Amino acid sequence: MLWSKSFETGNELVDEQHKEIFRLVQQVLDADAFANRKAQIETALDFLSGYAVRHFASEEALMAESNYPAFEEHKAQHDSFVKEVVAFMERVKTEGGTISISETINNFVIEWLKEHIMDRDKAMADHYKGWQVSN
Ligand SMILES: [Fe+2]
């Protein structure tokens, strides 16, 4: 399991969505075991990009609602993540579903998530909690 308690931001909605993203990443990892790896990776990336867009929109709504001062920087990270995933989709289309590409995708997504959650999302959730208390 890729998820660990250390990723908890304390915001229930955000944490549930993060767990789902980790589950989707696990599907890309598990695709190694299947004969039709390309289709598996494509399906997982498709879900991942769709889900990430919805998840980022939820976070951005929380940030907007609470007048989060670092909204723009945070949103810029979300946007660049989506661009990277789209670029991976293109690569899988042309290069096929090699083990090397699935490893590259997993490393990128997992590292990005860990860093983003620990740094940006926790700060955002703390701010949101503080805003809720004072409102
Ligand atoms: Fe975020």
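Structure first, text after, so check above.
Nothing here was measured: the structure is a model prediction, and the numbers come from that model. (Residues numbered from 1 in each chain as written. Predicted model: local features only at pLDDT ≥ 70, side-chain atom pairs only at ≥ 80, totals over all residues.)

A. Representation of the environment of Lys83. Relative to the helices and strands, Lys83 is located in helix H3 (residues 71-95). Along the sequence, Lys83 and Ala39 sit 44 residues apart, while their C-alpha atoms lie 20 Å from each other. (Helix = DSSP H or I, 4+ residues; strand = E, 2+ residues; numbered from the N terminus.)

B. Region of interest: helix H1 (residues 12-30). Between its first and last C-alpha, H1 extends 27 Å over 19 residues, near the 27 Å set by a 1.5 Å rise per residue. For H1, the secondary structure elements touched by its buried residues are helix H2 (37-65) and helix H4 (99-133). (Expected span 1.5 Å × (residues − 1). Contact = placed C-beta atoms within 7 Å.)

C. Examining the nonpolar core more closely. Ile41, Ala44, Leu45, Leu48, Val85 and Phe88 are the most contacted members of the largest nonpolar core, which totals 13 residues. Residue assignment for this core shows that the elements contributing at least two residues are H2, H3 and H4. Here this core takes 5 residues from H2, the largest share from any one element. Beyond its immediate stretch of four places on either side in the chain, Val85 contacts Leu45, Leu48, Ser49 and Ala52. Among the nonpolar cores identified, the runner-up in size contains 6 residues, and Val14, Tyr68, Met124 and Tyr128 belong to it. (Core = buried A, V, L, I, M, F, W, Y, C linked by C-beta atoms within 7 Å. Buried ≥ 20, exposed ≤ 12 C-beta atoms within 10 Å, placed from the backbone.)

D. Main features of unusual backbone geometry. Located in the positive-phi region is Asn67, a residue other than glycine, with phi close to 50°. By the element assignment, Asn67 lies in the loop between H2 and H3.

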